[in-house]
Amino acid sequence: MEIIAVLVSPIIAILISLWLTERLQKRRDRLDIFKTLMTTRENNLTLDFVKSVNAIDVVFHNRSSVREAWRELYNSYNTSDPDLKRISDNHTKLLEAMAKDLGYKDQITWEHITSSYTPNWLLSERRNEADFKLMQMELMRNTVKVPVKESITEEQP
């Protein structure tokens, strides 16, 4: 009996270690998506946001509340006339469902999710970039006349 215990104990220890490692990695994956969505909640027009929401069905495959919240957000995006308030609410509900799933039920609330920080300089930079892109598009369409200064050259003898 002791020989069996000596032979089986390391195998059981390895199996438990593998199970714990896999479980920890799955939690890390869920947490990574949650952190990305939290850090991009103020501006979801980023590639990181898109990658994260596209990974939800895989990483949260057995988390029905998160997948349902994602489905609601997805549906609110994919309408002929998107309602920005509905999108914002569904985005917050998704983050809230993820927070609860990750064990942050009372620590990360609706209030925390809806209050994000964006410095004024960043808002100004985004406006400038948007204006610049708009001007580029108008130039490409030839709708804006670009003022060209004529240089006055002195006649050469």
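The structure we're discussing is the one just above.
Described in the following lines is the structure provided in the data block.

What counts, and where the lines are drawn
- Note on numbering: residues in each chain are counted from 1, in written sequence order.
- Note on the predicted model: pLDDT of at least 70 is required for a residue's local features to be given, and 80 or more for side-chain atom pairs to be given and counted; whole-chain, interface and lining totals, by contrast, use all residues.
- Side-chain metrics rest on all non-hydrogen atoms present in the structure, leaving aside hydrogens and water.
- Strands are runs of DSSP state E lasting at least 2 residues, helices are runs of H or I lasting at least 4, and numbering of each runs from the N terminus.
- When a residue's accessible area, from a 1.4 Å probe over protein chains only, is under 20% of the maximum for its type it is buried; when over 50% it is exposed; and in between it is partly exposed.
- Pairs of residues are marked as contacts when any of their non-hydrogen atoms sit within 4.5 Å.
- A patch is a set of surface residues, each over 30% in relative accessible area and not in a salt bridge, joined within 9 Å for like charges and within 5 Å for the nonpolar side chains Val, Leu, Ile, Met, Phe, Trp and Tyr.
- Residue exposure ignores everything except the shown protein chains as possible cover, and the areas themselves are Shrake-Rupley values with a 1.4 Å probe.
- Any carboxyl oxygen of Asp or Glu within 4 Å of a side-chain nitrogen of Lys or Arg constitutes a salt bridge here.
- Working rule for helices: expected span equals 1.5 Å times residues minus one.
- Throughout, nonpolar core names a set of buried Ala, Val, Leu, Ile, Met, Phe, Trp, Tyr and Cys residues whose side chains join them through atoms within 4.5 Å.
- The angle between two axes is taken between their N-to-C directions and runs from 0 to 180 degrees, where each axis is a line fitted to C-alpha atoms and a helix contributes only its stretch in contact.
- Definitions for this section: a left-handed crossing has its near helix turned counterclockwise from the far helix by less than a right angle. A right-handed crossing has that turn clockwise.

## Focus: the side chain of Arg30
Reasoning step 1: Tracing the backbone through its elements, the reader meets Arg30 in helix H1 (residues 2-39).
Reasoning step 2: Assessed through its relative accessible area of 9%, Arg30 is described here as buried.
Reasoning step 3: Excluding residues that lie within four positions of it along the chain, Arg30 makes contacts with Val59, Phe60, Arg63, Asp101 and Leu102.

## Side note on a nonpolar patch on the surface
Reasoning step 1: On the surface, Met1, Ile3, Ile4, Leu7, Val8, Ile12, Ile16, Trp19 and Leu20 cluster together into a nonpolar patch covering about 980 Å² of accessible area.
Reasoning step 2: Tracing the backbone through its elements, the reader meets Ile4 in helix H1.

## Concerning helix H6 (residues 120-140)
Reasoning step 1: The end-to-end C-alpha distance of H6, which contains 21 residues, comes to 30 Å, matching closely the 30 Å that a straight helix rising 1.5 Å per residue would cover.
Reasoning step 2: Positive phi appears at Asn142, one or two residues downstream of H6, with a value of about 60°.

## Examining the environment of Ala69
Reasoning step 1: By the element assignment, Ala69 lies in helix H3 (residues 64-77).
Reasoning step 2: In this structure, the C-alpha to C-alpha distance between Ala69 and Leu94, residues 25 residues apart in sequence, is 4.8 Å.
Reasoning step 3: Sequence-distant contacts of Ala69, defined by excluding residues within four places in its chain, comprise Asn90, Lys93, Leu94 and Ala97.

## A short note on the nonpolar core
Reasoning step 1: Core analysis: the largest hydrophobic core is formed by 22 residues, its most contacted members being Phe34, Leu37, Ile56, Leu94 and Met98.
Reasoning step 2: Breaking this core down by element, the ones donating at least two residues are H1, helix H2 (47-59), H3 and helix H4 (84-101).
Reasoning step 3: Broken down by element, this core gets its largest block of residues, 6 residues, from H4.
Reasoning step 4: Other than its neighbours up to four places away in sequence, Leu37 contacts Phe49, Ser52, Val53, Ile56, His91, Leu94, Leu95 and Met98.

## Re the packing of H1 against H2
Reasoning step 1: At a closest axis distance of 9 Å, the pairing of H1 and H2 adopts a crossing angle of 145°. Considering only the axes of H1 and H2, their crossing is left-handed. In this structure, H1 uses Asp29, Arg30, Ile33, Thr36 and Leu37 to contact H2, whose residues at the interface are Asp48, Phe49, Ser52, Val53, Ala55, Ile56 and Val59.

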